[in-house]
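# Topology and contacts: notes
Residue strings, one per chain:
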Amino acid sequence: MELHEQDTTIKLQPKAPKKHPKQDPQKLVEIFNEISGFTQKQKDIIRDAYYFTERAHEGQLRKSGEPYFFHLVETAKNLAALGMGPKVIAAGLLHDSIEDGVATEEEILYEFGEEILFLIDGVTKLGRVRYHGMRRHNESLRKLFVATSRDIRVLIIKFADRLHNMETLEHVREDKRHRIASETLEIYAPLAYRLGITTLSKQLEDLSFPYVYPEDYKKVRDILRERSKQTLSKLEHVERSISKKMALGGMRNFRTSHRIKGLYSLYKKLQRKNWDIDSIYDVAALRIIVPTITDCYQCLGIVHEHYKPMPGRIKDYIALPKPNGYQSIHTTIFTGDGGLLEIQIRTEDMHRDSELGAASHLGYKSGASGHTDDGTWVQKLFGKGHYSPPDSTEVIEKVTPTWIAALAEHSDNPESDKFETELKEDFFKHQIFVFTPKGETIALPEDSTPIDFAFQVHTGIGLTMSGAKINGKMSAIDSRLKNLDIVEIVTSKRGRPTAKWLDIAITNEARRKIKGFLEREEEERQERERR
Ligand code: MN
């Protein structure tokens, strides 16, 4: 029996469990410390991947001088922190083993199966960006969306990988640092944000910020440093006082936490507010997390009973969620000493969704923990389809946002700069969210018109559009849509695009389709004349 455990003969016994040391090594324990509720079998997948990757990267070092495989451990820990399941964590451990290590696709397939190989393959393809430099950048981006459109878990592994690379960016050659940080700031952080994975988005932003805008970074850091001390002491004071009042009001089952605004997010806001820190009220926010929605409103009552709210700053995102699904009650209160403080009230589920977004719906725990999930969140964000517990390919395809698939198809010529320009214009420009009459969410760049909306919903609707209703009212087709508008497109047999539409539409997608239609129409006209 013992003989068959040799590497050369292991293929003869595919089902035989691997023999690993009785005691897990420290680095593996670090991964296990991030997970809970996994079965022995599930932990064994991670264990197998750990030993496999350790061997595949044997003798390799990172630029920091650490063993290369520490990078895989950190990637796996990041994935565990995002609540991912055993296969995704294993794929995180293995993600560089083919490209940078000595493993082959056949070995991975044999040892870990098709699904994990698929995930690694996706991440490997995305990873090629660093070997080809800027010229291949657009092609890599397109690949990113192509791979991700099939399985969003690929992108989440890439996020976890990138997070650790950003944490160790100081060891990378200086000229490469700026490029990697810019890419993180311009592509990965906004993508994570759009997917609702706000914790990760904030981490990526704040790690990139000092490399991309070093001077501004120092400025914002100093402003925040000066501000934090007084803000934090004020915050702790209010936290204690509200906790007491909640308890007196009969509410015992709650917890509080606070968050300081991310440096990069503060930077963006400072730019909008002429660098006036005093006009930014959410530098720090107190969070109160309670069991039920009813508790949220009761809690708001207790807060307002004791602290005057600032008019116009009470926002009920529970009754009216943000288009990305975010739910919470926000209120800004006068703290009584001349200061102001934002308070955010939410349930545990809302809290989890707000931090993990799409990841929380792919996660291992989302079905098992009694997380009441009827899928409305996913439907709101991603538009179509129904959500059921994860772990099947079909579900993962449905959880993958349609806008990612659209971006994958988006590019005619990925080698050209056009793709990246379009990407920045259409996707990363400030977004608004509008609704179809059925309540599906459509994301569009700011200043979009009903024409842009129509083509975004369906080409056929755009091509037969004859008018538009915005919030129930007939409106001009060159109206500018606003966030949360409900838009209904009126179609008719005689509706068709005209050259004027090209001046009205602002998205590249609508303009391309209109242009295509007009060209076809012109060809047909010439054809008729010739006859
Ligand atoms: Mn990596």
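The residue numbering used here restarts from 1 in each chain and proceeds along that chain's sequence as written. Local features in this predicted model are restricted to residues whose pLDDT is 70 or higher, and side-chain atom pairs enter the listing and the counts only when it is 80 or higher, whereas totals over whole chains, interfaces and linings include all residues. Water and hydrogen atoms were dropped before computing side-chain values, which therefore reflect all heavy atoms in the structure.

## Some points on the overall build of the protein
The helix and strand labels rest on DSSP assignments: H or I over at least four residues marks a helix, E over at least two residues marks a strand, and numbering proceeds from the N terminus. Along its length, the protein carries 24 helices and 10 strands. Across the 531 residues in the protein, those meeting the buried criterion constitute 49%. Only heavy atoms matter for contacts: two residues are in contact if any of them lie within 4.5 Å across the pair. For the protein, the share of sequence-separated contacts (at least 6 apart) that also reach a separation of at least 24 residues comes to 65%. Note on areas: Shrake-Rupley with a 1.4 Å probe; residue coverage comes only from the protein chains shown. With the model as given, the accessible surface of the protein reaches about 26,600 Å², and the carbon-plus-sulfur share is 50%. Each residue's exposure class comes from its accessible area (1.4 Å probe, protein chains only) as a fraction of the maximum for that residue type: buried when under 20%, exposed when over 50%, partly exposed otherwise.

## Some words on the nonpolar core
Among the nonpolar cores identified, the biggest contains 72 residues, and Ile31, Ile46, Ile89 and Phe159 are the most heavily contacted of them. The element that contributes the greatest number of residues to this core is helix α9 (residues 152-167), accounting for nine residues. What Ile46 contacts, discounting residues up to four positions off in sequence, is Leu28, Ile31, Phe32, Ile35, Phe38, Pro86, Ile89 and Leu93. By size, the runner-up hydrophobic cluster in this structure holds 23 residues, among which are Leu463, Ile470, Val487 and Leu518. To qualify as a nonpolar core, a set must consist of buried Ala, Val, Leu, Ile, Met, Phe, Trp, Tyr and Cys residues joined through side-chain atoms within 4.5 Å.

## Details of the sheet that holds strand β1 (residues 255-260)
Whether two strands pair comes down to DSSP finding at least two bridges between them. Pairing is mixed across the open sheet formed by five strands, whose spatial order is β1-β2-β5-β4-β3. Whereas interior strands pair on both sides, the edge strands pair on one side only; in this sheet they are β1 and β3 (315-316). Where β3 meets strand β4 (residues 329-334), two bridges bridge the pair, whose relative direction is antiparallel. Within the sheet, the bridge partner assigned to Lys315 lies in β4 and is His330. Axes, fitted as lines to C-alpha atoms, cover a helix only where it is in contact. Angles between the N-to-C directions of the axes lie from 0 to 180 degrees. In this fold helix α12 (residues 214-248) packs onto β1, β2 (284-290), β4 and β5 (340-347), with an angle of close to 25 degrees to the strand it touches most, β2.

## Side note on unusual backbone geometry
Not every positive phi belongs to a glycine, and Trp275 is a case in point at roughly 60 degrees. With respect to the helices and strands, Trp275 occurs in the loop between α13 (263-272) and β2. In this structure Trp275 comes out as partly exposed when scored by relative accessible area, which is 28%. Phi is positive for Asp447, close to 70 degrees, though the residue is something other than glycine. Take Asp447: it is sitting in the loop between β7 (441-445) and α21 (450-457).

## Here we look at the coordination of the manganese ion
In an ideal tetrahedron of four donors about a metal, each angle is 109.5 degrees. In an ideal octahedron of six donors, the angles are 90 or 180 degrees. Here the coordinating atoms are restricted to nitrogen, oxygen and sulfur within 2.8 Å of the metal centre, or 3.2 Å for Na, K and Ca, and because water is not among them the sites may look incomplete. Bound to the manganese ion on the protein side are His71 (NE2), His95 (NE2), Asp96 (OD) and Asp161 (OD), at distances that span 2.2 to 2.4 Å. Sequence spacing of the donor residues for the manganese ion, all on one chain, is H-x23-H-D-x64-D. With His71 in helix α3 (residues 69-81) and Asp161 in helix α9, this residue pair connects regions lying 90 residues apart in the sequence. Judged by relative accessible area, which is 1%, His71 ranks as buried.

## Overview of the packing of aromatic side chains
Two aromatic rings, drawn from Phe, Tyr or Trp (for Trp, its six-membered ring), form a pair once their centres lie within 6.5 Å of each other, and the interplanar angle then sorts them: stacked below 30 degrees, edge-to-face above 60, tilted otherwise. The final tally for this structure, using the stated rule, is 12 aromatic pairs. Here the aromatic rings of Tyr50 and Phe69 are separated by 5.5 Å at their centres, their planes lie at 70 degrees, and the arrangement is edge-to-face. Pair noted here: Tyr50 is in helix α2 (residues 40-56) and Phe69 is in helix α3, with a separation of 19 residues, a long-range link. Across the pair, exposure class does not vary: Tyr50 and Phe69 are buried alike. Geometrically, the ring pair formed by Phe209 and Tyr264 is edge-to-face, given 5.3 Å between the ring centres and 70 degrees between the ring planes. Here Tyr264 lies in helix α13 and Phe209 lies in helix α11 (residues 198-212), a separation of 55 residues in the sequence. With respect to burial, Phe209 and Tyr264 carry one shared label: buried.

These figures capture arrangement, not role.
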